[in-house]
Amino acid sequence: MRHFGHIPSAVRSGLFHREPAEFTADSPARTLAVALGATLYSPATRPRLADDIRKQAARGVVSMVLCLEDSISDADVEAGEANLVHQFRDLADGRTDGPDVPLLFIRVREPRQITDLVTRLGDTVALLAGFVLPKFTEARGSAFLDALAQAERTAGRRLYAMPVLESPELLHLETRAETLAGIAALTDKHRDRVLALRLGVTDFCSAYGLRRSPDMTAYDVKVVAHVIADVVNVLGRADGTGFTITGPVWEYFRPGERIFKPQLRRSPFLEGRAEDLRTALIEHDMDGLLREIELDRANGLLGKTCIHPTHVLPVHALSVVSHEEWSDAQDILRPEQDGGGVLRSAYTNKMNEVKPHRAWAERTLIRAEVFGVAREDVGFVELLTAGLAG
């Protein structure tokens, strides 16, 4: 797998100063956590799920969650489990005929589903990257992680966990600190199998009867923004104790009545097709998504939960490291700068302070490895346009 691998190599070489590197399910966890990118969710009950997975892989999707939880009704769980077993066999049988299978995760409801599904999948478990664990707290999560450890022994291979932080105990102010401390203790104990932490912002909003409009980001809903800040504060630290935390889902993908003016400036968009792209993004309420992706990264989140294929490319395009970011990170991490100090950036527009900016630079170079470094004259508009054409 590689990001932007779905576009022709000649086009890709014209976009990137350093192209995205290839990775596999066996790559180091630190690499995979960053490489998740836009994780596309799909109900496990879809009758042509294997074909859907192949199609999305051909369009640049590198991680998917096949959901047995909130996306399907209680009455459909048993059918969803059976469908997953059937569809994994279909994927395994046709694996040599198409693109690489994305990193596949199953979102379960209960711990027993983990061990049961791994047994039922048989040898096709080789296509499974791990499980998404809902409503994760210390009390609830322990049984999930114990079941995952048992499933690993059955499968004979590593299976990753992606806990979802979405419980009321985490949202409510009076229980938040204790809940975060418990989650931190449990995930640290299982650090080698926790790939990333996911935020369930829809559940956060639900607890207060809220739903953000397409004109607003998660950071405009203050009760949600405060939780995100506290989660990053405790679980996203750059001192070796933190985890990759992914951005919340963007719920909108159809045109609707707009109240506020568009959030996309005209200046990044050139004449012709790029201006048409800007119009299309605005008409489909995607300008709000682009803004939220930028705010995700500014607040310490990386990657995003996606419920529609049209959201994938914007997430990936805005994850590519700009040539300016890469240049700054390279300068900060040069061996001769180990003693610290202050440098004027190569772009002569900012101060690079070696010690305070080191953690940022290290994270930036990991992102550069999996998403690539854009050429000096290439921005997200060109990446979006090329990705759509590909």
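Just above sits the structure.
Calculation notes
- Residues numbered from 1 in each chain as written.
- Predicted model: local features only at pLDDT ≥ 70, side-chain atom pairs only at ≥ 80, totals over all residues.
- Heavy atoms only, no water.
- Helix = DSSP H or I, 4+ residues; strand = E, 2+ residues; numbered from the N terminus.
- Rg over C-alpha atoms; globule rule 2.2 N^0.38 Å.
- Contact = heavy atoms within 4.5 Å.
- Areas by Shrake-Rupley, 256 points an atom, 1.4 Å probe, with all protein chains shown as cover.
- Lys, Arg positive; Asp, Glu negative; His and termini not counted.
- Charge placed at Lys NZ, Arg CZ, Asp CG, Glu CD.
- Buried < 20%, exposed > 50% of the residue type's maximum accessible area, 1.4 Å probe, protein only.
- Expected span 1.5 Å × (residues − 1).
- Bend = angle between axes of the 7 residues up to and from the residue.
- Core = buried A, V, L, I, M, F, W, Y, C linked by side-chain atoms within 4.5 Å.
- Pairing = 2+ DSSP bridges.
- Right-handed = clockwise from strand over helix to strand, strands pointing away.
- Phe/Tyr/Trp six-rings, centres within 6.5 Å; stacked < 30°, edge-to-face > 60°.
- Lys NZ or Arg CZ within 6 Å of the ring centre and 35° of its normal.
- Salt bridge = Lys/Arg side-chain N within 4 Å of Asp/Glu carboxyl O.
- Axes fitted to C-alpha atoms, helices over the stretch in contact; angles between N-to-C directions.
- Parallel < 35°, antiparallel > 145°, perpendicular 65-115°, else oblique.
- Nonpolar A, V, L, I, M, F, W, Y, C, P; charged D, E, K, R; others polar.
- Left-handed = near helix turned anticlockwise from the far one by under 90°.

S.K.: I'd like a rundown of the overall build of the protein chain, residues and numbers included.
M.R.: Counting its regular elements, the protein chain contains 16 helices and 12 strands. For the protein chain, the C-alpha radius of gyration of 21 Å lies close to 21 Å, the compact-globule estimate for 390 residues. Partitioning the intrachain contacts of the protein chain with sequence separation of at least 6 by distance along the chain shows that 77% fall at a separation of at least 24. Of the roughly 17,400 Å² of accessible surface on the protein chain, 51% is carried by carbon and sulfur atoms. For the protein chain, the distance from the average position of its 47 positive side-chain charges to the average position of its 55 negative side-chain charges is 1 Å.

S.K.: Describe the environment of Ala 126, and please don't skip the residues or the numbers.
M.R.: Take Ala 126: it is sitting in the loop between helix 5 (111-121) and strand 5 (128-133). A residue is classified by how much of its surface remains accessible, and Ala 126, at 45% relative accessible area, is partly exposed. Here the alpha-carbon distance between Ala 126 and Pro 8, two residues 118 residues apart in the chain, equals 29 Å.

S.K.: Account for helix 15 (residues 354-371), naming residues and giving values.
M.R.: Over its 18 residues, helix 15 extends 24 Å from the first C-alpha to the last, a length consistent with the 26 Å expected when each residue adds 1.5 Å. Along its length, helix 15 reaches its greatest deviation from straightness, about 30°, at Trp 360. Listed as buried for helix 15 are Val 354, Ala 361, Thr 364, Ile 366, Arg 367, Ala 368, Val 370 and Phe 371. Directly after helix 15, the chain includes Gly 372, whose backbone phi takes a positive value near 85°.

S.K.: How would you summarise the nonpolar core if you had to cite specific residues and measurements?
M.R.: Residues Ile 106 and Phe 131 are the most contacted members of the largest nonpolar core, which totals 70 residues. Core analysis: the next-biggest nonpolar cluster, separate from the first, contains 35 residues, Phe 16, Leu 36, Ala 129 and Phe 371 among them.

S.K.: Give a detailed account of the sheet that holds strand 8 (residues 245-246), specifying residues and quantitative values.
M.R.: In spatial order, the strands read 8-7-6-5-4-3-2-9; together these 8 strands make up an open sheet with parallel pairing. The sheet terminates laterally at strand 8 and strand 9 (304-306), the two strands that pair on one side only. Two elements, strand 7 (residues 197-199) and strand 8, share 2 bridges in a ladder whose sense is parallel. Residue pairing across strands places Arg 198 opposite Thr 246, the latter belonging to strand 8.

S.K.: So what's going on with the pairing of strand 4 (residues 103-107)? Residues and values would help.
M.R.: Along a regular strand, successive side chains alternate from one face of the sheet to the other. Along strand 4, 5 of the 5 residues are buried, which leaves the element largely enclosed by surrounding structure. Every second residue of strand 4 is oriented toward a common face, with Leu 103, Phe 105 and Arg 107 on one face and Leu 104 and Ile 106 on the other, all of them buried. Both strand 3 (residues 63-67) and strand 4 contribute to a ladder of 5 bridges, which runs parallel. Bridge pairing links Met 64 to Leu 104 in strand 4. In this sheet, strand 5 lies alongside strand 4 in parallel orientation, the contact comprising 4 bridges. From the neighbouring strand, Leu 104 faces strand 5, where its bridge partner is Leu 128. Since strand 4 and strand 5 lie parallel, the crossover through helix 5 that links them has a hand, and here it is right-handed.

S.K.: Outline the packing of aromatic side chains, listing residues and values.
M.R.: Inspection of every chain in the model, using the stated rule, returns 2 aromatic pairs. Its end group placed over the ring of Phe 243, Arg 191 keeps NZ or CZ at 4.3 Å from the ring centre.

S.K.: Now, about the pattern of salt bridges: what can you tell me, with residues and values included?
M.R.: One pass over the structure, following the stated rule, counts 33 salt bridges. The salt bridge involving Arg 107 is made with Glu 69; its shortest N-O contact spans 2.5 Å. In this pair, Arg 107 is assigned in strand 4 and Glu 69 in the loop between strand 3 and helix 4 (77-93), connecting sequence segments 38 residues apart. Grouping residues by exposure puts Arg 107 and Glu 69 together as buried. Measuring nitrogen to oxygen at the nearest pair gives 3.8 Å for the salt bridge that ties Arg 89 to Asp 93. Taken together, the residues span about one helical turn, with Arg 89 and Asp 93 both in helix 4 at a distance of 4 residues. Asp 93 sits in the exposed class, given a relative accessible area of 56%. Salt bridges here are not isolated pairs; linked through shared partners, they connect Glu 69, Asp 70, Arg 107, Lys 135, Glu 166 and Asp 203.

S.K.: Describe the environment of Phe 88, naming the residues involved and giving the relevant values.
M.R.: On the secondary structure map, Phe 88 appears in helix 4. On the basis of relative accessibility, which here comes to 1%, the residue Phe 88 falls in the buried class. Taking C-alpha positions, Phe 88 is 7.3 Å from Leu 121, a pair spaced 33 residues apart along the chain. Ignoring any residue separated from it by four or fewer positions in sequence, one finds Phe 88 in contact with Leu 66, Leu 104, Ile 106, Leu 121, Thr 124, Leu 127 and Leu 128.

S.K.: Report on the packing of helix 5 against helix 6 (residues 138-155), specifying residues and quantitative values.
M.R.: Two quantities define a packed helix pair, namely the angle between the axes and the distance from one axis to the other. Close contact between helix 5 and helix 6 brings their axes to 8 Å; oriented N to C, the two are set at 10°. Regarding the angle of helix 5 to helix 6, the classification is roughly parallel. Every residue of helix 6 that contacts helix 5 at Pro 111, Ile 114, Thr 115, Val 118 and Thr 119 is listed here: Ala 143, Phe 144, Ala 147, Leu 148, Gln 150, Ala 151, Thr 154 and Ala 155. Residues that form the contact of helix 5 with helix 6 fall into these classes: 9 nonpolar, 4 polar and no charged.

S.K.: A description of unusual backbone geometry should follow, citing residues and the corresponding values.
M.R.: Residues other than glycine seldom take positive phi values, yet Phe 4 does so here, at roughly 65°. Classification of Phe 4 as buried rests on a relative accessible area of 3%.

S.K.: Explain the packing of helix 8 (residues 173-189) against helix 10 (residues 222-235) to me, using residue names and the numbers behind them.
M.R.: The geometry of helix 8 relative to helix 10 is characterised by a closest axis approach of 10 Å and an angle of 40° between their N-to-C directions. The angle between the axes of helix 8 and helix 10 places the two elements in the oblique class. Crossing of helix 8 over helix 10 shows right-handed handedness. Contacts between helix 8 and helix 10 pair Arg 176, Leu 180, Ile 183, Ala 184 and Thr 187 from the former with His 226, Val 227, Asp 230, Val 231, Val 234 and Leu 235 from the latter. Of the residues belonging to the contact of helix 8 with helix 10, the class tally is 7 nonpolar, 2 polar and 2 charged.

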